[in-house]
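Architecture at a glance
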Amino acid sequence: RERQVVSVEVQADDGELLGPVAAAQLTLLNTRPTVPGPAIAPAAPRFGDTLTAGLAAPSTDIDGDALGYRFAFLKNGKRLEPPDVVRDVKKGETYQLEAVANDGEADSEVGRVSVTVRNTPPTPPVVAFEKLPLRRVDPVKVRIVEPSRDVNGDKVTYAYAWTKNGEPQPGLTGPELPAGTVRKGERWMVIVTPSDGEEQGLPARLEALAVDSAPTAPEVALSPEAPKTGDAIKAVVRRRLFLKGGH
């Protein structure tokens, strides 16, 4: 064991006489601890997180000495203070953590690990139908009441997906449906999903039931067009407009 003194004495023997005693002595030296395996928590940080130093694999000491550890965070090769915590990290930043074990006499070799701060997806938007209830005679428009927020400052775009009575409508991918699309009794849902170009955020959903639409006004005229005193005047309906296939 460490610091243990080992000695030996040796005499030659020719079978009749012993020669003089030769002696040797040494003290066992300290053995350095093994390299520690550092760990950064959280392992996949995002904007605003706090990084803390820890151990994924502690060092071992063959001599049985109690071990202490020193940590150091680095960014772009520069050591940070305090050495074991980093606050308010930002997307794209890379941090390295170094860990050294010490047994009271000697340091271990340096263990290293690094992480890069990940993208944070945008928040869900707040959306609303511009006009309710839904009717066949009206276009259906979705309005962004409160835009998604992206903490990284990325530009946010929106994808629109529609369902009718629970069935996806793959041909409908915009924020507006033309008049005549929805019909009485159909339940329509729109799913609005934000994206920052790297990740999609959580979607917002709107759902509404299409209701009955009143028929449009007919075209009418008076006959005759140039009446005289005593003529009978009649109202003539030239065209009646109805909505086919439901209201």
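Residues numbered from 1 in each chain as written. Predicted model: local features only at pLDDT ≥ 70, side-chain atom pairs only at ≥ 80, totals over all residues. Heavy atoms only, no water.

What about the overall build of the chain?
For the chain, the helix and strand inventory stands at zero helices and 19 strands. Projected onto its principal axes, the C-alpha positions of the chain cover 165 × 40 × 20 Å. In the chain, buried positions account for 28% of the 247 residues. Here the contacts in the chain between residues at least 6 apart in sequence split such that 56% fall between residues at least 24 apart. Looking at the chain as shown, the accessible area adds up to about 15,900 Å², and 52% of this sits on carbon and sulfur atoms. Each charge class in the chain can be summarised by its mean position, and for the 31 positive and 34 negative side chains these summaries are 23 Å apart. (Helix = DSSP H or I, 4+ residues; strand = E, 2+ residues; numbered from the N terminus. Buried < 20%, exposed > 50% of the residue type's maximum accessible area, 1.4 Å probe, protein only. Contact = heavy atoms within 4.5 Å. Areas by Shrake-Rupley, 256 points an atom, 1.4 Å probe, with all protein chains shown as cover. Lys, Arg positive; Asp, Glu negative; His and termini not counted. Charge placed at Lys NZ, Arg CZ, Asp CG, Glu CD.)

Focus on unusual backbone geometry
Between Glu81 and Pro82 the backbone carries a cis peptide bond, its omega angle lying at -5°. Residue position: Pro82 is located in the loop between β6 (78-79) and β7 (85-86). At the junction of Leu132 and Pro133, the peptide bond is cis and its omega measures out at 0° in the coordinates. Note on placement: Pro133 falls in the loop between β10 (126-129) and β11 (134-135). Although it is not a glycine, Asp88 sits at a positive phi angle of roughly 55°. Looking at where Asp88 falls in the secondary structure, it is placed in the loop between β7 and β8 (94-102). Notably, Asn165 is not glycine yet its phi reads approximately 50°, a positive angle. Its place among the elements puts Asn165 in the loop between β13 (157-164) and β14 (167-168). Residue Asn165 is classed as partly exposed on the basis of its relative accessible area, which comes to 48%.

Some remarks on the sheet that holds β11
The strand order β11-β17-β16-β13-β14 describes an open sheet built from five strands, whose pairing is mixed. Each end of this open sheet is capped by a strand with a single partner; those strands are β11 and β14. Relative to strand β17 (residues 204-211), strand β16 (residues 187-195) runs antiparallel, the two being bridged by six bridges. Note that in β17 the partner of Val192 across the bridge is Ala204. (Pairing = 2+ DSSP bridges.)

Side note on the nonpolar core
If you look at soluble globular proteins, the nonpolar side chains tend to sit buried side by side. Residues Phe129, Leu134, Val140, Val142, Trp162, Val182 and Val190 are the most contacted members of the largest nonpolar core, which totals 16 residues. Among the elements of the structure, β10, β12 (140-146), β13, β16 and β17 are those that each provide at least two residues to this core. The greatest single-element share of this core, amounting to four residues, is contributed by β17. Look past the residues within four positions of Val190 in its chain and what remains in contact with it is Phe129, Val142, Tyr160, Ala161, Trp162, Ala204, Arg205 and Leu206. (Core = buried A, V, L, I, M, F, W, Y, C linked by side-chain atoms within 4.5 Å.)

Section: the confidence of the model for the chain
Mean pLDDT for the chain: 90, with 91% of residues reaching 70 or above. Predicted confidence for residues 241-245 stays below pLDDT 50, and this span has ten contacts to residues more than four positions away or in other chains. (pLDDT = per-residue confidence, 0-100.)

Section: the sheet that holds β7
Spatially, β3-β4-β7 is the arrangement adopted by the three strands of the open sheet, whose pairing is antiparallel. The open sheet has two edge strands, β3 (37-41) and β7, and neither has a second partner. Relative to strand β4 (residues 51-57), β3 is paired through five bridges, and the arrangement is antiparallel. Bridging across to β4, Ala39 finds its partner in Gly54.

A look at the pattern of salt bridges
Summed over the entire model, instances satisfying the criterion amount to eleven salt bridges. Where Arg79 meets Glu98, a salt bridge forms, and the shortest distance between an N and an O atom there is 2.9 Å. Of this pair, Arg79 sits in strand β6 while Glu98 is found in strand β8, placing the two residues 19 residues apart along the sequence. For Glu98, a relative accessible area of 10% translates into the label buried. (Salt bridge = Lys/Arg side-chain N within 4 Å of Asp/Glu carboxyl O.)

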